[in-house]
Amino acid sequence: MDTENLLKLIAESAYNVGFGAKKNLATFDIIEKSSGWISVVSFAIGIFALFIPALASNFISAIMLIFGVSTLYLGFYQQEKEKYSDAGKKLTNNFHELKTLYYILKSNNETTEISEILQKLNSIVSEASESTITKQIFLSDWFAHLKFFGQNQIGWVDEQLKFRFWRDKVPSSLKLILIAFISLLVFVALYKHLLSYFCSI
């Protein structure tokens, strides 16, 4: 394996490890903070509903009930939240180790052996695989995208992988929702147009 291919392999591994770290930390953040925010928002809406009649509607009450039930869902993860924090920290350390490895290889130091770098890469990836938790909370993928692309220093990974906004930075599930929403808007617009056309005949 030559240097260029190994640099790309390190970057690909770093993307997987770094995104995994952010996904675990996203799950931890959602578990840790969501219940408090839901309580604050529910309390605030309850206060405002005393003098804003629109907030006392059945629709708003139903939304608040859904938020209330969602805290039960968060409760299933509550006892294991520290595992997600620990996994996120370990994977973050692995990410930084890969960054160091990348720059060691890129420096073209004559003492650097491809086989040694490859062995170290395999060791870091194996360690990261052992730290990974596959079961993640709802919406952690969206939050992880925000954390990875918005908070991480990933210029060195982007140097190899050339991230694009729509292809890489927007979660797949969000793409489907956006496409479905736009399709629905187009359908409604066409339906109204055709309806008004036939009514005018």
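Figured I'd write up the structure that's included with this text. (Residues numbered from 1 in each chain as written. Predicted model: local features only at pLDDT ≥ 70, side-chain atom pairs only at ≥ 80, totals over all residues. Heavy atoms only, no water.)

## A few points about the packing of aromatic side chains
And then number 1: Counted according to the given criterion, the structure contains 11 aromatic pairs.
And then number 2: Where Tyr15 meets Phe163, the ring centres are 5.5 Å apart and the plane angle is 45°; that geometry is what we call tilted. With Tyr15 in helix H1 (residues 3-48) and Phe163 in the loop between helix H6 (155-161) and helix H7 (165-169), the pair connects residues that are 148 residues apart, well separated along the chain.
And then number 3: Directly above the aromatic system of Tyr77 lies the positively charged group of Lys135, at a separation of 5.2 Å from the ring centroid. (Phe/Tyr/Trp six-rings, centres within 6.5 Å; stacked < 30°, edge-to-face > 60°. Helix = DSSP H or I, 4+ residues; strand = E, 2+ residues; numbered from the N terminus. Lys NZ or Arg CZ within 6 Å of the ring centre and 35° of its normal.)

## Focus on the packing of H1 against helix H5 (residues 140-151)
And then number 1: Remark: H1 packs on H5, axes separated minimally by 8 Å, with the N-to-C direction vectors making an angle of 120°. Classified by the angle between their axes, H1 and H5 sit oblique to one another. As H1 packs across H5, the resulting crossing turns out to be right-handed. Of H5, the residues touching H1 (which contributes Tyr15, Gly18, Phe19, Lys22, Lys23, Leu25, Ala26, Thr27, Asp29 and Ile30) are Ser140, Asp141, Phe143, Ala144, His145, Lys147, Phe148, Phe149 and Gln151.
And then number 2: Considered class by class, the residues forming the contact of H1 with H5 number 9 nonpolar, 5 polar and 5 charged. (Axes fitted to C-alpha atoms, helices over the stretch in contact; angles between N-to-C directions. Parallel < 35°, antiparallel > 145°, perpendicular 65-115°, else oblique. Left-handed = near helix turned anticlockwise from the far one by under 90°. Contact = heavy atoms within 4.5 Å. Nonpolar A, V, L, I, M, F, W, Y, C, P; charged D, E, K, R; others polar.)

## Some details on the environment of Ser140
And then number 1: Summarising the element assignment, Ser140 is placed in helix H5.
And then number 2: Judged by relative accessible area, Ser140 falls into the buried class, the value being 2%.
And then number 3: Counting along the chain gives 41 residues from Ser140 to Phe181, while the straight-line C-alpha distance between them is 21 Å.
And then number 4: Ignoring any residue separated from it by four or fewer positions in sequence, one finds Ser140 in contact with Lys23, Ala26, Thr27 and Ile30. (Buried < 20%, exposed > 50% of the residue type's maximum accessible area, 1.4 Å probe, protein only.)

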